[in-house]
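Fold and contact review
Residue strings, one per chain:
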Amino acid sequence: MNKIYFDFYVLHKYKPVLRDILLDCPKIEGSSYSEYKRKIFELVPPGGYWRDISENIAKEYMKSCWYMEGGRTGILRRLSLSEPSLTVLTSPSQKQTDRCHPLEPRPFTVIENARC
């Protein structure tokens, strides 16, 4: 039997951030948030999440999640162009896994997710 060797990764000193992969991304139509959710995400700054908006608004949006243990940092998460992407998930539309685009109050398109 022949042995096959494979290098799984190559170490790089540079870590790409969202700015490197999103700004020249082809524009395609993707899904959008409901009007309610879009208005809330407009309040969240790039790189922020639910703790960066009014407690009353966050509590009303999060409902029972408000009382959960842990940091809940995935809820109302808006990514930043100066950070690497979080892991792309197969079910990104759940309350705790939603990732908002850093420049627009919308989810990532299929192409943007593929680049991440």
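An account of the accompanying structure is given in this report. Every value quoted in this text rests on a predicted model; they were computed, and no experiment measured them. The residue numbers shown here count from 1 along each chain, following its written sequence. Restriction of local features to residues with pLDDT of at least 70 applies here, the model being predicted, together with a cutoff of 80 or more for giving and counting side-chain atom pairs; totals for whole chains, interfaces and linings are based on all residues. The side-chain numbers reported here are obtained from all heavy atoms of the structure, hydrogens and water having been left aside.

The next subject is the overall build of the protein chain. Looking only at helices and strands, one finds 4 helices and 2 strands in the protein chain. We count a stretch as a helix when DSSP gives it H or I for four or more residues in a row; a strand needs E for two or more, and each element gets its number in order from the N terminus. The order of helices and strands in the protein chain, counted from the N terminus, is α-α-α-β-β-α. For a compact globule of 116 residues, the expected C-alpha radius of gyration is about 13 Å, and the protein chain comes in at 17 Å, more than 25% above that figure. When the 116 residues of the protein chain are sorted by exposure, 34% land in the buried category. The long-range share in the protein chain, meaning contacts at least 24 apart out of those at least 6 apart in sequence, stands at 58%. Throughout, the Shrake-Rupley method with a 1.4 Å probe supplies accessible areas, and for residues the shown protein chains are the sole cover considered. Summed over its atoms, the accessible surface of the protein chain is roughly 8,300 Å², and 55% of this surface lies on carbon and sulfur atoms. With C-alpha atoms as the basis for the radius of gyration, the globule rule is written as 2.2 Å multiplied by the number of residues raised to the power 0.38. Burial classes: relative accessible area under 20% of the type maximum marks a residue as buried, over 50% as exposed, and values in between as partly exposed (1.4 Å probe, protein chains only). Residues count as neighbours in contact if any of their non-hydrogen atoms are within 4.5 Å of one another.

Right, let's talk about the nonpolar core for a bit. With 15 residues, the main nonpolar core has Trp50, Met62, Ile75 and Leu76 as its most contacted residues. For this core, the secondary structure elements donating two or more residues are α2 (35-43) and α3 (55-62). Take this core: its biggest share by element is 3 residues, from α3. Core analysis: the second largest hydrophobic core is formed by 6 residues, Leu18, Leu79, Leu81 and Phe108 among them. For the purposes of this section, nonpolar cores are sets of buried Ala, Val, Leu, Ile, Met, Phe, Trp, Tyr and Cys residues that join through side-chain atoms within 4.5 Å.

Centre distance within 6.5 Å is the pairing criterion for rings of Phe, Tyr and Trp, where only the six-membered ring of Trp is used; planes under 30 degrees apart are then read as stacked, over 60 as edge-to-face, and the remainder as tilted. Using the criterion set out here, one finds 4 aromatic pairs in the structure. Grouped by ring-pair contacts, the aromatic residues Tyr49, Trp50 and Trp66 constitute a single cluster.

This part covers unusual backbone geometry. Of note in the backbone geometry, lysine 63 takes a positive phi value of approximately 50 degrees without being a glycine. Secondary-structure assignment places lysine 63 in the loop between α3 and β1 (77-78). We note that leucine 76 has phi near 55 degrees; this positive angle belongs to a residue other than glycine. Positionally, leucine 76 belongs in the loop between α3 and β1. Judged by its relative accessible area of 1%, leucine 76 falls in the buried class.

Glancing now at the environment of valine 44. Among the secondary structure elements, valine 44 is positioned in the loop between α2 and α3. Residue classification places valine 44 among the buried positions, given a relative accessible area of 1%. Residues valine 44 and leucine 79 lie 35 residues apart in sequence; the distance between their C-alpha atoms is 9.7 Å. Setting aside anything within four residues of it in sequence, one finds valine 44 in contact with Tyr49, Ile53, Leu76 and Arg78.

Its location among the elements puts serine 80 in the loop between β1 and β2 (99-100). Residue serine 80 is classed as buried on the basis of its relative accessible area of 11%. Reaching out from serine 80, the side chain makes a polar contact with the side chain of serine 82 at a distance of 3.0 Å. Those residues within four positions of serine 80 in sequence are excluded, and the remaining contacts are Leu18, Pro46, Gly47 and Pro102. Counting of polar contacts relies on pairs of N or O atoms within 3.5 Å, with two restrictions inside protein: one atom must be capable of donating a hydrogen and the other of accepting it, and residues adjacent in sequence are counted only when both atoms are side-chain atoms.

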